[in-house]
Amino acid sequence: MKKTNKSITLLGSLLLVTCCYFIIPEANAQEKTKAGKEKVEEPEDELQTISVHSRKLQRTGNTFESTWIIDNQTTLVPMKQTFQFDILHRFGTVNNGFDDLWGMYAPSNIRMGFSYTPINKLMVGFGLTKDRMLWDFNAKYAFISEDSKNPAPVSVTYFGNVALDSRPEGGFVHKSDRYSFFHQLMVSKKVTRDFSIQGSVNFSHFNAVEAFLGQEEQKIAKMKNDHFSFSVLGRYKVSDAFAFIGNYDQPITKHNLNNPNPNISLGVELATPLHAFQIFMGNYKWLVPQYNNVFNRNDPFDGRFLIGFNITRLMDLKYENLGEMMFKRKNKEKE
């Protein structure tokens with residue numbers, strides 16, 4: 001790889017560490033009097049605080065501590081009565097260097113997602129992606145969970161979605177041409193206390209694909225409607241909250257034209273019982289898995305990487321009261 005690519009990789013690494021250091025600080029302070037003794041608060045002297053509860057092992061102790069590792073789902077399904085909010089962001093590729101601040105000022109792609117676990121082992125959700133205004137509706141079910149209550153040798157989870165291209169004008173002949181589908185079967189293993197790995201087989205389907213006219217005026221599809229791929233991802237914990245993460249995605253199906261490129265992603269994760277923040281460099285930009293797997297034009301071996309981040313926030317609705325968190329006020333101190 002060229003020297004420019006090496007400098008870009010170094011810059012990306014520094015950026016990862018810097019962002020993680022400033023974005024998610026930890027605070028743990030105890031109020032004391034001037035004499036050094038703990039202050040005894042009166043009811044009318046209540047501090048303005050937000051109380052957050054979390055059931056044991058909401059994240060800690062699981063094979064993974066987030067439902068995402070970069071661009072792929074993990075086998076983790078949050079506990080029953082858990083609400084999750086996702087923000088996924090991908091900048092432009094770093095190839096233009098300082099001209100667009102290594103992709104930071106280039107056109108970006110964003111997805112906001114919402115999901116809920118109504119019953120044990122089942123999560124359902126939806127999201128909206130900026131590029132092509134893609135709506136996706138998804139479901140995830142954990143057949144086998146590798147945890148302390150169920151000491152299974154591996155975790156096995158299914159994930160599937162249906163995506164809708166909602167652009168007013170997209171060149172669609174039929175309404176059904178707007179739809180695409182994705183199915184994924186994941187198997188993961190917590191190899192050691194700190195190291196977890198996962199592999200998956202993926203199937204993508206598009207109702208409509210582009211075509212061109214052959215010599216005899218017959219239509220020839222540029223790409224097949226169905227596409228198979230596989231993914232491998234892993235996480236290594238350095239501390240209770242900090243971990244290195246990575247994933248590799250390899251297309252299997254060969255198309256007539258426009259064969260997609262594989263994806264190589266590396267980054268870091270900071271996770272607490274109710275939050276997870278990941279920042280990384282990789283090749284995928286689409287955010288909806290079937291689009292990533294079928295339409296990836298960023299070749300990792302040509303240095304076409306981009307910077308991205310994922311933010312997830314869990315709300316344990318069994319204990320947390322959103323209305324109380326938003327509107328409860330402290331008592332006014334008596335003068």
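Residues numbered from 1 in each chain as written. Predicted model: local features only at pLDDT ≥ 70, side-chain atom pairs only at ≥ 80, totals over all residues. Heavy atoms only, no water.

With that settled, the discussion passes to the sheet that holds strand 12 (residues 226-237). In space, the 12 strands of this closed barrel follow the order 3-4-5-6-7-8-9-12-13-14-15-16, with antiparallel pairing throughout. Each adjacent strand pair in this sheet contributes to an overall mean axis angle of 20°, direction not counted. Pairing analysis gives eight bridges linking strand 15 (residues 275-282) to strand 16 (residues 306-316), with the strands arranged antiparallel. In the strand pairing of strand 16, Ile279 is matched with Phe309. (Pairing = 2+ DSSP bridges. Helix = DSSP H or I, 4+ residues; strand = E, 2+ residues; numbered from the N terminus. Axes fitted to C-alpha atoms, helices over the stretch in contact; angles between N-to-C directions.)

What follows deals with unusual backbone geometry. Positive phi outside glycine occurs at Gln81, with the angle close to 70°. Within the secondary structure layout, Gln81 lies in the loop between strand 2 (72-73) and strand 3 (82-93).

Our next topic: a nonpolar patch on the surface. Taken together, the side chains of Val191, Phe195, Ile197, Phe228, Phe230, Val232, Tyr236, Val238, Phe244 and Ile252 make up a nonpolar region of the molecular surface, amounting to roughly 850 Å² of accessible area. Mapped by element, the contributors of at least two residues to the nonpolar patch are strand 9 (195-206) and strand 12. No other element matches strand 12, which puts four residues into the nonpolar patch. Mapped onto the elements, Phe228 comes out in strand 12. (Patch = residues over 30% accessible without salt bridge, like charges linked within 9 Å, V, L, I, M, F, W, Y side chains within 5 Å. Areas by Shrake-Rupley, 256 points an atom, 1.4 Å probe, with all protein chains shown as cover. Salt bridge = Lys/Arg side-chain N within 4 Å of Asp/Glu carboxyl O.)

What follows covers the confidence of the model for the chain. With 79% of its residues at a pLDDT of 70 or more, the chain has an overall mean of 84. Low pLDDT, under 50, characterises residues 1-11; the predicted model gives this stretch seven contacts beyond four residues in sequence or across chains. (pLDDT = per-residue confidence, 0-100. Contact = heavy atoms within 4.5 Å.)

By the definition in use, this model includes 16 aromatic pairs. Of the aromatic side chains, those joined through ring pairs into one cluster are Phe83, Phe85, Phe114 and Phe126. (Phe/Tyr/Trp six-rings, centres within 6.5 Å; stacked < 30°, edge-to-face > 60°.)

Moving on, we come to the side chain of Asn310. Turning to its location among the elements, Asn310 is positioned in strand 16. Among the polar contacts made by the side chain of Asn310, one reaches the side chain of Arg90 at a distance of 3.1 Å. When near neighbours in sequence (up to four residues on either side) are disregarded, Asn310 contacts Trp68, Ile70, Ile87, Leu88, Arg90, Ala276, Phe277, Gln278 and Phe280. (Polar contact = N/O pair within 3.5 Å; in protein donor to acceptor, adjacent residues only side chain to side chain.)

Attention now goes to the pairing of strand 15. With seven of eight residues buried, strand 15 lies mostly within the body of the structure. For strand 14 (residues 263-271) and strand 15, the ladder comprises six bridges, and the chain directions are antiparallel. Pairing of Gly267 across the sheet is with Phe280, part of strand 15. (Buried < 20%, exposed > 50% of the residue type's maximum accessible area, 1.4 Å probe, protein only.)

Enumeration over the complete set of coordinates arrives at eight salt bridges. Residue Asp136 pairs with Arg111 through a salt bridge whose shortest N-O separation is 2.9 Å. One end of the pair, Asp136, is in strand 6 (residues 134-146); the other, Arg111, is in strand 4 (residues 109-119), and 25 residues separate them in sequence. With a relative accessible area of 3%, Asp136 lands in the buried category. As a salt-bridge pair, Asp165 and Arg167 come within 2.8 Å of each other at their nearest N and O atoms. Judged by its relative accessible area of 27%, Arg167 falls in the partly exposed class.

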